[in-house]
Amino acid sequence: MKTSYEAATSWLAQGQLSTGNLQGWITNNIVPLILLAIAVILLWIGGKGDNAGVARRSVGLIVGLIALGIAVSGSGPAVGQAMANLLTG
């Protein structure tokens, strides 16, 4: 009978370790919480009458969401190639 250390070592040696589950958990749980917090903050700022401040922060938020979407979807190389094609033709 194997000890837990031997079982863990054998399991790790087989190369079955990945971060897929952690990435999925972050995508499904942490990202929506962050977006909810940002929405509440923007509503709070807008309630004080600072509409220009909300607009300024919203533009930054949209850029951040685009970057997050590219990172999570794994389409970074395709986006980079498309941007390079805009410059080189």
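Sequence order sets the numbering: in each chain, residues are counted from 1 along the sequence as written. Whole-chain, interface and lining totals are the exception, using all residues; otherwise, since this is a predicted model, local features are given only for residues with pLDDT of at least 70 and side-chain atom pairs are given and counted only at 80 or more. The side-chain numbers reported here are obtained from all heavy atoms of the structure, hydrogens and water having been left aside.

### Points about the overall build of the protein
What counts is decided by this rule: Put simply, DSSP marks the helices as runs of H or I at least four residues long and the strands as runs of E at least two long, and each gets a number from the N terminus on. The globule rule used here is 2.2 Å times the number of residues to the 0.38 power, and the radius of gyration it is set against is calculated over C-alpha atoms. Here the open area of atoms and residues is found with the Shrake-Rupley method and a 1.4 Å probe, where only the protein chains shown may cover a residue.
For the protein, the count of helices and strands is 4 helices and 0 strands. Reading the protein from its N terminus to its C terminus gives the helix and strand order α-α-α-α. Scaling as 2.2 N^0.38, a compact globule of 89 residues should have a C-alpha radius of gyration of about 12 Å, whereas the protein reaches 21 Å, well beyond that. By element, 70% of the accessible surface of the protein is carried by carbon and sulfur atoms, the whole surface being about 7,100 Å².

### Things to note about the packing of aromatic side chains
Definition in use: Two rings from Phe, Tyr or Trp (for Trp, the six-membered ring) form a pair when their centres sit within 6.5 Å of each other. Planes less than 30 degrees apart are called stacked, planes more than 60 degrees apart edge-to-face, and all others tilted. Geometrically, a lysine NZ or arginine CZ counts as sitting over a ring once it is within 6 Å of the ring centre and also within 35 degrees of the ring normal.
Within the structure shown, the criterion is met by 0 aromatic pairs. Against the face of W44 rests K48, its NZ or CZ located 4.5 Å from the ring centre.

### Some details on the confidence of the model for the protein
Put simply, the test is: Per residue, pLDDT measures the predictor's confidence, with a range of 0 to 100.
Averaged over every residue, the pLDDT of the protein is 81; the share at 70 or more is 93%. When mean pLDDT is compared element by element in the protein, helix α4 (residues 76-88) scores highest at 88, while helix α1 (residues 4-13) scores lowest at 74.

### Topic: a nonpolar patch on the surface
The criterion, for reference: What goes into a patch is any residue over 30% in relative accessible area without a salt bridge, connected to like charges within 9 Å or, for nonpolar side chains (Val, Leu, Ile, Met, Phe, Trp, Tyr), within 5 Å. Salt bridges are counted wherever a side-chain nitrogen of Lys or Arg sits within 4 Å of a carboxyl oxygen of Asp or Glu.
Judged by side-chain polarity, L35, L65, L68 and V72 come together as a nonpolar surface patch covering roughly 270 Å² of accessible area. Broken down by element, the residue count for the nonpolar patch peaks at 3 residues, all from helix α3 (residues 51-73). Residue placement: L68 occurs in helix α3.

### So, the packing of helix α2 (residues 20-47) against α3
Put simply, the rule is: Only the contacting stretch of a helix is used when fitting its axis, a line to C-alpha atoms as for every element, and angles between N-to-C directions run 0 to 180 degrees. Each angle gets one of four labels, with under 35 degrees taken as roughly parallel, over 145 as roughly antiparallel, 65 to 115 as roughly perpendicular, and the rest as oblique. Contacts are assigned to residue pairs with any non-hydrogen atoms lying within 4.5 Å of each other. Amino acids outside the nonpolar list (Ala, Val, Leu, Ile, Met, Phe, Trp, Tyr, Cys, Pro) and the charged list (Asp, Glu, Lys, Arg) are all regarded as polar, and Gly is one of them.
Orientation of α2 relative to α3, taken along the N-to-C sense of each, is 170°, at an axis distance of 10 Å. Classed by the angle they form, the pair α2 and α3 counts as roughly antiparallel. For the pair α2 and α3, the contacting residues are Q23, T27, V31, L35, I38, L42, I45 and G46 in the first and N51, V54, R57, S58, L61, L65, L68 and V72 in the second. When grouped by side-chain class, the residues that make up the contact of α2 with α3 number 10 nonpolar, 5 polar and 1 charged.

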